[in-house]
Amino acid sequence: MLLGRTLRTAALVTATAVITFTSGAAFAQKKYDTGASDTEIKIGNIMPYSGPASAYGIIGKTEEAYFKMINDKGGINGRKISFVTYDDGYSPPKAVEQVRKLVESDEILAVFNPLGTPSNSAIQKYLNAKKIPQLFVATGATKWNDPKNFPWTIGWQPSYQSEAQIYAKWLLKEKPDAKIAILYQNDDFGKDYLKGTKDGLGAKASSMIIMEESYEVSEPSIDGHIVKIKAANPDVLLIYATPKFAAQTIKKTAELSWKPLQILTNVSISVGSVMKPAGFEASQGVLSAAYAKDSTDPQWANDPGMKRWNEFVDKYMAGADKSDTSMVYGYGAASTLAKVLEMSGDDLTRVNLMKQAASLKDFAPDTLLPGVKINTNATDFAPISQLQMQRFKGEKWELFGEIISGDVASE
Amino acid sequence: MSAAEDVVTEAPAVEAVPKRAMTLGTGTSLLVLAALLIMPVFVKNFIIFQMTMLLIYGLAVLALNILTGGSGQFSLGQSAFYAVGAYTTAVLMEHFNVNYALTLPIAGVVCFAFGFLFGQPALRLSGVYLALATFALATAMPQLLKLNFLEHWTGGVQGLVVTKPDAPFGLPMSQDMWLYYFTLVVVIAIYIFSVNLLRSRSGRAFMAIRDNEIAASAMGVDVALYKTLAFGVSAAVTGVAGSLGAIAVQFVAPDSYTITLAISLFLGMVVGGVGWLPGSIVGAAFIIFVPNLAEGISKGLSGAVFGVLLFLVIYLVPHGARQVAILGQQFAGKLRKN
């Protein structure tokens, strides 16, 4: 096992060396930027540990624990990871303050997995001006895949638009004469899905989509919208809603004894907080897509990747709630960074780090679905862009079909 | 002691502060000014940025102090005025290419009008009811900024990125240092204006209303006018603080200006000492640095640690920094006698 990993690393190092050799860079030479040395690599992060989005704070804690595990195993290429994470309370001004502290006071090598679209928008310009990598941001907006204007910012998870395109592709293939109604949340999240769906349907968008209905996050219930949609009599309902509203939608359609084909955003696929409150009976046959393994799904009980994840959680995050998807997410993101640092070898400059982050080839973290692979290149800064369709059956999701790709470039 | 008792006995909600006690002595003022002037030469850009934010929040707390300490009206809606100021600057700079310095007075005027107009209906309310009305304003503001028909200007949920100005005339200064001195000049100008305002006829009218509204009107003070005026001035100063904040942070988004900001400013005022203008800076320091300190003690329990620290401050020095300053003065006086 250990030998295998060493061999793989060696092969990789050789491969990278061969590539860089032609450009004249000698690999044996150690090169460092601020934040890296012979013994340590300093990585910065901001997370909402307090405030309205504090539920996501567990991602930061998972990453911290992951790097502790890496350090216990001897670090990466002999260097320990020092992970400095601060609370931004999901407030953009605080995010700017904390990131400046990371860069100018803690002197980190790169910022990794900062969470939230507003916080990342606030720090993007500063980090790009300072030429500091903003690696694998934790948001699903499409704008992070923009290497031309922001060469120091790279995303991680599939963007909302690519996911919507996947649904559109699937519909074009399986149900080309569908009459589609779209229910979406009236903000950047919902609008990204709307745009992705229309782009994916292409020329057929105007004939297939018979209704677009939006709701506000502040509305207590969206029953009225569902009744209105039903009156238009579509046979496909796309539900681009956050968990609470998604559960209401599924429940209400069942109450109206209306059975359209329902497709649900990946954001709201939690069995515990959406499908169960909506009612398992009402949820049968709902479709969605996924890119990561569900930690509560028994089909992964013997999966080597999830076994490693379980061992990690038992040892480094004892007592944590294993059904929290944030821990699967943090583990996947942290292992991607570990991979990039490993690939960077002894050339721990910011330029090289960004270059390595943009040359991931078929990398598959333990927690991603079999077949979903991370690929990046100089013009593709969207690491994960594959998902697999799944159908709700019984009390869990069942994957079906092939892995579908939905790359979307930011305009 | 409780707020409920205050309402029942109809005693003024804010303790009367004599106007002379609202400021620092000349010697101390000059000392503080000198420290603020030379400090940036010795520290890193990040510290300069934090000091700039300190001045900006200090200005916003000062604005609330004029309203509450001066005219005795409560507001939990300062974040709304701060947001309007910030967005005015961001929209003018990014969509109309207006010079950043020019956007400050414009933001001030816009916010004055906004505050004055809001002051009209708010006149009928007092004490906790006024606090609730302003609270509603603060909660509504982030959603208003996300509205569809404003999205073209405000950028909706995505917000707007603001370009940071370079030092003019080719001065050999970093952007941060220039912005610090620029902010310092604006803050000092507004501080002097506020001190003079409170010492003027209008200031006396504010305080008369604060201490006893009926007596004030009996003396011929136009209560309605001065109450709305206090709201307008406070909103204008908050708006200028918001503009400076937008330039310093280089980004505006609805999530930056939630009710949390309004409560922070209120907290800053109480910790600094209600009605004591120099305390505004101390209050601002509390709301900027103490959460960082709390986070350093415990990441998971940062909120609880912050609460404990706040409780300690309120318990030990209920009148905030002003009390500490007075104690210090008495102590110095005793030393001198010996």
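Residues numbered from 1 in each chain as written. Chains lettered and ligands numbered in written order. Predicted model: local features only at pLDDT ≥ 70, side-chain atom pairs only at ≥ 80, totals over all residues.

Per an unreviewed UniProt entry, chain B is named Branched-chain amino acid ABC transporter permease, and its organism is Bradyrhizobium hipponense. Under the Subcellular location (unreviewed entry) heading, UniProt states for chain B: "Cell membrane". (UniProt positions renumbered as here; feature names shortened; annotations may be inferred.)

Colleague: Whenever I open this one, the overall build of chain B confuses me. Can you help?
Modeller: Along the backbone of chain B there are 15 helices and 2 strands. On the principal axes, the C-alpha backbone points of chain B span a range of 55 × 50 × 45 Å. Sorting the 338 residues of chain B into buried and exposed places 48% on the buried side. Contacts spanning at least 24 positions in sequence make up 79% of the contacts within chain B whose residues lie at least 6 apart. (Helix = DSSP H or I, 4+ residues; strand = E, 2+ residues; numbered from the N terminus. Buried ≥ 20, exposed ≤ 12 C-beta atoms within 10 Å, placed from the backbone. Contact = placed C-beta atoms within 7 Å.)

Colleague: For this particular structure, what's the right way to read the overall build of chain A?
Modeller: Looking only at helices and strands, one finds 14 helices and 13 strands in chain A. Here chain A has a C-alpha radius of gyration of 22 Å; the compact-globule value for 411 residues is 22 Å, and the two agree. Oriented by its inertia axes, the alpha-carbon framework of chain A measures out at about 70 × 45 × 40 Å. The buried share of chain A, reckoned over its 411 residues, is 50%. Considering only intrachain contacts with a sequence separation of at least 6, the fraction spanning at least 24 residues in chain A is 70%. (Rg over C-alpha atoms; globule rule 2.2 N^0.38 Å.)

Colleague: Sorry, what's going on with helix H3 (residues 92–105) of chain A here?
Modeller: Within an α-helix, residues lying three or four positions from one another point in the same direction, as the helix has 3.6 residues per turn. All names here are of chain A. Taking 1.5 Å as the rise per residue, H3 with 14 residues should run 20 Å; its terminal C-alpha atoms sit 19 Å apart, in good agreement. For H3, the tally of buried residues reaches 12 of 14 residues, placing the bulk of the element in the interior. Among all positions in H3, only Pro-92, Pro-93, Lys-94, Ala-95, Val-96, Glu-97, Gln-98, Val-99, Arg-100, Lys-101, Leu-102 and Val-103 are buried. Glu-107 occupies a position one or two residues after H3 and carries a positive phi of about 55°. (Expected span 1.5 Å × (residues − 1).)

Colleague: For this particular structure, what's the right way to read the pairing of strand S6 (residues 180–185) of chain A?
Modeller: Every regular strand shows the same layout, with side chains that alternate between the two sheet faces. Residues and elements named next belong to chain A. Counting buried positions along S6 yields 6 of 6 residues, so the element is predominantly enclosed. The alternating pattern of S6 places Ile-180, Ile-182 and Tyr-184 on one face and Ala-181, Leu-183 and Gln-185 on the opposite face, and all of these are buried. Bridge count between S6 and strand S7 (residues 209–215): 6 bridges; the pairing is parallel. Each bridged residue has a counterpart across the sheet, and for Ala-181 the counterpart in S7 is Met-211. Looking at chain direction, S6 and strand S8 (residues 236–240) are connected through 5 bridges and run parallel. Note that in S8 the partner of Ile-180 across the bridge is Val-236. (Pairing = 2+ DSSP bridges.)

Colleague: Where do I start with the domain arrangement of chain A in this structure?
Modeller: Bring the parts together and some accessible area is lost; that lost area is often taken as the interface size. Residues and elements named next belong to chain A. Along its sequence, chain A is organised into domain 1 (16–158 + 302–380) and domain 2 (160–290 + 400–405). Distance between the C-alpha centres of domain 1 and domain 2: 32 Å. Counting from both sides, the interface comprises 10 residues of domain 1 and, opposite them, 10 residues of domain 2. Per-class residue counts for the side of domain 1 that touches domain 2 are 4 nonpolar, 6 polar and no charged. (Domains from an automatic or database assignment. Nonpolar A, V, L, I, M, F, W, Y, C, P; charged D, E, K, R; others polar.)

Colleague: Please clarify how the confidence of the model for chain B should be interpreted in this entry.
Modeller: Should pLDDT be low for a region, the predicted coordinates there are not to be read in detail. All names here are of chain B. Averaged over all residues, the pLDDT of chain B equals 85, while 93% of them reach at least 70. For chain B, the element scoring lowest by mean pLDDT is helix H1 (residues 3–9), at 42; helix H4 (residues 78–96) scores highest, at 93. In this model residues 1–12 is a low-confidence stretch, pLDDT under 50, and it forms 9 contacts with partners more than four residues away in sequence or in other chains. Interface confidence for the predicted complex, given as ipTM, is 0.77, next to a pTM of 0.79. (pLDDT = per-residue confidence, 0-100.)

Colleague: Teacher, can you tell me more about the UniProt feature "transmembrane region" (unreviewed entry) in chain B here?
Modeller: Residue and element names in this part refer to chain B. The UniProt record annotates "transmembrane region" (unreviewed entry) at residues 21–41, 47–67, 98–118, 125–145, 178–198, 229–253, 259–289 and 301–318. Annotated as 90% helix and 0% strand, the span residues 98–118 places its first and last C-alpha atoms 27 Å apart. Secondary structure across residues 178–198 divides into 100% helix and 0% strand, with the first and last C-alpha atoms of the span separated by 30 Å.

Colleague: I would appreciate a short explanation of unusual backbone geometry in the present structure.
Modeller: Note: most residues except glycine have negative phi, and most peptide bonds are trans. Residues and elements named next belong to chain A. The backbone of Asn-77 shows a phi angle near 50°, a positive value even though the residue is not glycine. With respect to the element layout, Asn-77 can be found in the loop between helix H2 (57–72) and strand S3 (80–87). One non-glycine residue with positive phi stands out, namely Asn-113, at about 50°. Relative to the helices and strands, Asn-113 is located in the loop between strand S4 (110–112) and helix H4 (117–130). Residue Asn-113 is classed as buried on the basis of its 26 C-beta neighbours within 10 Å.

Colleague: What's the story with the interface of chain B and chain A in this structure? I'm lost.
Modeller: On the chain A side, the residues contacting the 24 residues of chain B number 22 residues. At the level of secondary structure, the elements contributing two or more residues to the side of chain B that touches chain A comprise helix H3 (45–71), helix H11 (223–249) and helix H14 (302–316) of chain B. Within the side of chain B that touches chain A, the residues separate by chemical class into 8 nonpolar, 11 polar and 5 charged.

Colleague: So what exactly am I meant to see when it comes to the sheet that holds S4 of chain A here?
Modeller: In a beta sheet, neighbouring strands are held together by backbone hydrogen bonds and run either parallel or antiparallel to one another. All names here are of chain A. A sheet is described by the order of its strands in space; here 4 strands give the open sequence S3-S2-S4-S5, paired in parallel fashion. Lying at the two open borders of the sheet, with one neighbouring strand each, are S3 and strand S5 (134–135). Across 8 bridges, the pairing between strand S2 (residues 40–47) and S3 is parallel. From the neighbouring strand, Asn-45 faces S3, where its bridge partner is Thr-85.

Colleague: Looking at this structure, I do not really get the pairing of S8 of chain A. What am I missing?
Modeller: All names here are of chain A. Among the 5 residues of S8, 5 are classified as buried, and the element is accordingly described as predominantly covered. In S8, alternate side chains face the same way, and those of Val-236, Leu-238 and Tyr-240 on one face and Leu-237 and Ile-239 on the other are all buried. Strand direction decides the pairing type here: S8 and strand S9 (residues 261–264), joined by 4 bridges, are parallel. Paired with Ile-239 across the strands is Leu-264, a residue of S9. In the classification by handedness, the crossover that spans S8, the intervening helix H9 (residues 243–255) and the parallel S9 is right-handed. (Right-handed = clockwise from strand over helix to strand, strands pointing away.)

Colleague: Where do I start with the environment of Trp-258 of chain A in this structure?
Modeller: Note that Trp-258 of chain A resides in the loop between H9 and S9. Along the chain, Trp-258 of chain A and Leu-399 of chain A lie 141 residues apart, while their C-alpha atoms are 24 Å from each other.

Colleague: What exactly am I supposed to notice about helix H13 (residues 325–344) of chain A here?
Modeller: With 20 residues, H13 of chain A ought to run about 28 Å at 1.5 Å a step, and its terminal C-alpha atoms sit 29 Å apart, in line with that. Positive phi appears at Gly-345 of chain A, one or two residues downstream of H13 of chain A, with a value of about 60°.

Colleague: Would you take a moment to explain the packing of helix H9 (residues 201–211) of chain B against H11 of chain B for this structure?
Modeller: Packed helices, taken two at a time, are described by the angle their axes make and the gap between the axes. All names here are of chain B. H11 packs onto H9 with a crossing angle of 105° between their chain directions and a minimal axis gap of 10 Å. In this view, H9 runs roughly perpendicular relative to H11, as classed from their interaxial angle. When H9 is examined against H11, the residues Ser-202, Ala-205, Phe-206 and Ile-209 are found in contact with a partner set consisting of Val-223, Tyr-226, Lys-227, Leu-229 and Ala-230. Split by residue class, the contact of H9 with H11 holds 7 nonpolar, 1 polar and 1 charged. (Axes fitted to C-alpha atoms, helices over the stretch in contact; angles between N-to-C directions. Parallel < 35°, antiparallel > 145°, perpendicular 65-115°, else oblique.)

Colleague: It is not clear to me how the environment of Trp-170 of chain A should be interpreted in this structure. Could you clarify?
Modeller: Residue and element names in this part refer to chain A. Counting through the fold element by element, Trp-170 comes out in helix H5 (residues 160–174). On the basis of neighbour counts, which here come to 17 C-beta atoms within 10 Å, the residue Trp-170 falls in the partly exposed class. Taking the C-alpha atoms as reference points, Trp-170 and Leu-201, 31 residues apart in sequence, are found 9.7 Å from one another.

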